[in-house]
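Listed below, chain by chain, are the residues.
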Amino acid sequence: MSDPGNLAYTLHVNGAPHDVRDAWVGESLLFVLRERLGLMGSKGACEQGECGSCSVLVDGNLVCSCLVLAAGAVGQDIVTIEGISPGAPSDVQQAFVDAGAVQCGFCTPGLVMAAHSLLDRSPDPSELEIREELSGNICRCTGYGRIIDAVQRVAVARRSAS
Amino acid sequence: MSVLVPTSLDGALQALADHPDATVLAGGTDLMVEFNGGHRRPSDVVVVNRVPELCTWRHDPATSTLRIGAAVTYAEIESEPIATWVPALAQAARTVGSPQIRHAATIGGNVGTCSPAGDGLPVLAALDALVELTSAAGVRTVPFAEFMVGPKRTTRAAGELITAVTVPVLDGWQGYTKVGVRNAMVIATASVALAVSNADRRVALALGSVGPTILRCPEAEAFAAEHADFAAGRLAADAVAACSELVRDTARPIDDHRSSADYRRHAVGVLAGRLLRRAFPHE
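Residues numbered from 1 in each chain as written. Chains lettered and ligands numbered in written order. Predicted model: local features only at pLDDT ≥ 70, side-chain atom pairs only at ≥ 80, totals over all residues.

Moving on, we come to the overall build of chain A. The number of helices and strands found in chain A is six helices and five strands. Listing each helix as α and each strand as β along chain A from the N terminus yields β-β-α-β-β-β-α-α-α-α-α. The C-alpha atoms of chain A give a radius of gyration of 16 Å, which matches the 15 Å a tight globule of 162 residues would have. Considered along the principal axes of its C-alpha atoms, chain A spans approximately 50 × 30 × 25 Å. (Helix = DSSP H or I, 4+ residues; strand = E, 2+ residues; numbered from the N terminus. Rg over C-alpha atoms; globule rule 2.2 N^0.38 Å.)

Residues Leu194(B) and Leu205(B) are the most contacted members of the largest nonpolar core, which totals 147 residues. The contacts of Leu205(B), once residues within four sequence positions are left out, are Ala126(B), Val192(B), Leu194(B), Arg216(B), Cys217(B), Ala220(B), Glu221(B), Val247(B) and Ala272(B). (Core = buried A, V, L, I, M, F, W, Y, C linked by C-beta atoms within 7 Å. Buried ≥ 20, exposed ≤ 12 C-beta atoms within 10 Å, placed from the backbone. Contact = placed C-beta atoms within 7 Å.)

Another point: helix α3 (residues 91-99) of chain A. All names here are of chain A. Burial in α3 covers these residues: Val92, Gln93, Ala95 and Phe96. Viewed end-on, α3 has its buried residues packed into an arc of 160 degrees, placing them on one side of the element. Where α3 is buried, its residues meet α4 (108-121) and α6 (145-161). Of the residues trailing α3, Gly100 is marked for its positive phi of about 70 degrees. (Arc of directions from axis to C-beta.)

Turning next to the sheet that holds strand β2 (residues 16-23) of chain A. All names here are of chain A. Reading across the sheet, the five strands line up as β2-β1-β5-β3-β4 and stay open at both edges, with mixed pairing between neighbours. Each of the sheet's edge strands pairs with one partner strand only, and the pair in question is β2 and β4 (61-64). Pairwise comparison of adjacent strand axes, ignoring direction, gives a mean angle of 40 degrees for this sheet. Sheet analysis places strand β3 (residues 55-58) next to strand β5 (residues 77-79), joined by two bridges and oriented antiparallel. Across the sheet, residue Val58 finds its bridge partner in β5, namely Ile78. Packed on one face of the sheet, α4 meets β3 and β4 and runs near 40 degrees to β3. (Pairing = 2+ DSSP bridges. Axes fitted to C-alpha atoms, helices over the stretch in contact; angles between N-to-C directions.)

What follows deals with the sheet that holds strand β1 (residues 2-4) of chain B. Residue and element names in this part refer to chain B. Read from one edge of the open sheet, three strands run β1-β3-β2, paired in parallel fashion. Among the strands making up the open sheet, the edge pair consists of β1 and β2 (23-25). Sheet twist, expressed as the average angle between the axes of neighbouring strands with direction ignored, equals 20 degrees. Pairing geometry for β2 and strand β3 (residues 44-47), over three bridges, is parallel.

Residue and element names in this part refer to chain A. Domain parsing of chain A yields domain 1 (7-81) and domain 2 (91-161). Each of domain 1 and domain 2 has a C-alpha centre, and these two points are 22 Å apart. Contacts between the two partners involve twelve residues from domain 1, matched on the other side by eleven residues from domain 2. Here the side of domain 1 that touches domain 2 is composed, by residue class, of six nonpolar, five polar and one charged. (Domains from an automatic or database assignment. Nonpolar A, V, L, I, M, F, W, Y, C, P; charged D, E, K, R; others polar.)

On to unusual backbone geometry, then. Residue and element names in this part refer to chain B. With an omega of 0 degrees, the peptide bond running from Glu80 to Pro81 counts as cis. The residue Pro81 is located in the loop between α3 (74-77) and α4 (82-85) in this model. You will see that Lys152, though not glycine, has its phi angle at about 55 degrees, which is positive. With respect to the element layout, Lys152 can be found in the loop between β8 (148-150) and β9 (153-154).

Moving on: the interface of chain A and chain B. Listed per partner, the contact involves 26 residues of chain A and 23 residues of chain B. If one sorts the elements of the side of chain A that touches chain B by residue count, β4(A) sits on top with four residues. Considered class by class, the residues forming the side of chain A that touches chain B number eleven nonpolar, twelve polar and three charged.

Residues and elements named next belong to chain B. By domain assignment, chain B separates into domain 1 (2-168) and domain 2 (174-279). The C-alpha centroid of domain 2 is placed 24 Å from the C-alpha centroid of domain 1. Contacts between the two partners involve 20 residues from domain 1, matched on the other side by 24 residues from domain 2. Every element with two or more residues in the side of domain 1 that touches domain 2 is listed here: α5 (87-94), α8 (120-126) and β8.

The subject of this paragraph is the environment of Val167(B). With respect to the secondary-structure elements, Val167(B) resides in strand β10 (residues 161-168). For the pair formed by Val167(B) and Ala261(B), sequence separation is 94 residues and the distance between their alpha carbons is 31 Å.

For the rest of this paragraph, the subject is α6(A). Residue and element names in this part refer to chain A. Along its 17 residues, α6 runs 24 Å from first to last C-alpha, staying within 8% of the 24 Å computed at 1.5 Å per residue. Buried within α6 we find Ile147, Ala150, Val151 and Val154. Along the axis of α6, the buried residues cluster in a sector spanning 95 degrees; they form a single face. Away from its buried face by more than 90 degrees, α6 exposes Gly145, Val156, Arg159 and Ser160. (Expected span 1.5 Å × (residues − 1).)

This part takes up the environment of Val47(B). Note on placement: Val47(B) falls in strand β3. Separated by 223 residues in sequence, Val47(B) and Val270(B) have C-alpha atoms that sit 40 Å apart. With near-sequence residues (within four places) excluded, Val47(B) lies in contact with Leu69(A), Gly72(A), Val3(B), Leu4(B), Val5(B) and Leu25(B).

The subject of this paragraph is the environment of Gly28(B). Tracing the backbone shows Gly28(B) in the loop between β2 and α2 (31-36). Take Gly28(B): there are 27 C-beta atoms within 10 Å of it, and that puts it in the buried class. Separated by 81 residues in the primary sequence, Gly28(B) and Gly109(B) have C-alpha atoms spaced 8.1 Å apart. When near neighbours in sequence (up to four residues on either side) are disregarded, Gly28(B) contacts Leu67(A), Val68(A), Leu69(A) and Ala104(B).

Our focus in this paragraph is the packing of helix α10 (residues 218-227) of chain B against helix α11 (residues 237-250) of chain B. Residue and element names in this part refer to chain B. Contact pair α10 / α11: the axes reach a minimum separation of 8 Å and the direction vectors enclose 165 degrees. The angle between α10 and α11 places the two elements in the roughly antiparallel class. The two elements α10 and α11 cross, and the hand of that crossing is left-handed. Contacts between α10 and α11 pair Glu219, Ala220, Phe223, Ala224 and His227 from the former with Ala239, Ala242, Cys243, Leu246, Val247 and Thr250 from the latter. For the contact of α10 with α11, the class distribution of residues is eight nonpolar, two polar and one charged. (Parallel < 35°, antiparallel > 145°, perpendicular 65-115°, else oblique. Left-handed = near helix turned anticlockwise from the far one by under 90°.)

Encoded structure:
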C-alpha cells in the first residue's frame, strides 16, 4: 500500500478537516487514518472486514474502515475512537475498565465503537442483541462475557441517569 | 488514476461513459478486500453509494412489486418494511457478514460481484428478480437467470450500471437458509432459498454455492407444487423427502477449500427439506 499516487482530497474526521496528499487510488480509510493522519486508535488486523478492530462511524453507521475506500469518503462525517470522547473516557470506555473487559486491548477500540453504536440506537439491549451487534468484533482474550457485562452496565447507568 | 464520487445518477452514468473500464464500487465489502490484498490494482474507481437515486426503494401495491435501488444496504433490507415484503431477502441479509458489513454492503454490489456464494442471489433467483441496468444509452432489465452466467460473470456491459433489482411481493411463505463453518461472519458452503406463491400455486427453489451460477430446481419445484395443499399448508413427509432428493440431483457442486462436493450436495438436500417443512408445516 505504499504505491505512489496522485490523489489529493480532504476527509472530515472527528469534526475537523484533514488533507490527504499524494495518495494511491485504492487506499483504505484505515490505512489513511493510521499512516497518513497518525490516528492509531483504529487497529488493522485482517484487512477483510472479519475482525472489526478497525470499526469507525461513517455518517453515523458502524463500518469497517479497512473496507471503506478513503477517497470515496470525501464529504462524509467520520468518527474514530479518538473522537468518541476526547480528553476523558466515555461511559463505555470506563465500563470496559470497570468490568475488566480489556486484556491485550487490541480489539477494544473497535468494540467500544460497536458498543456506542449499539447503545445509541438501542438503549436497553437484550443479551442476544448485544451478542448479535458485537458479532463483527473478534476478541481472542476475554471470551466476551465481561464485554457483554460492560455494555449492560452502561445501559443500566444511562437508564438510571435519564 | 481517479476516484469519482458522483452524487446523482446522471453524474454516475457520465462518469462511467467517460471511464467505461472504471471499477464500480458501492459498499466496498468485496472490492476493498481485493484492493487490500493486492489482488486488484484499480486505476479509475466510480463510487456509487452516494447516488440518492440508488439508495431508495419503492413498493408498488398495484403490481405487487418492490424495486430496490442498487445501493440499498443489507442493513436496510434486513429491517422493516422491506423485511415484511420480501422476508427471504431479509433473512439472507441477516446472514451477510457482521453489522459492520451489512451497514456498507449493498444488494447491487452482491449482484455485481455475482459470486455463487452471494447470500442475496438465491433469493433473487427464486423470486425471478429483474436486474435493471442503466447506461448513457438507456435502461434495460434482465431476468436474474440471464444476468448471471458464471462464477462472478454477468452480462453487464462496459458503461452499464446496475441501478436496481425488482422483486415480486408474494402471498406465500418464503425463506433462506445456509450452512457455513459457524453462524456469524461466514460465507455460505451451501444455501437454499424457497418462495411460495399461493395465488399461482407455485414453489420456487434456488441453490447457492453448489454450481457455477445460482441453480433453480424445476423438477423439485414441480413435484412440490403438484403434491402440496397450498390452502392447508400441507405437504406429506415422503413428498418432502422426494423433493430433497430432486434438489440433491440438481446440485452441481465442486470440491474446494471451503467444502467437498459430497457435503454440499447433502447439505442442499437437508436445507431444502427444512425450508419445505417450514413452508408447509403440516404433513
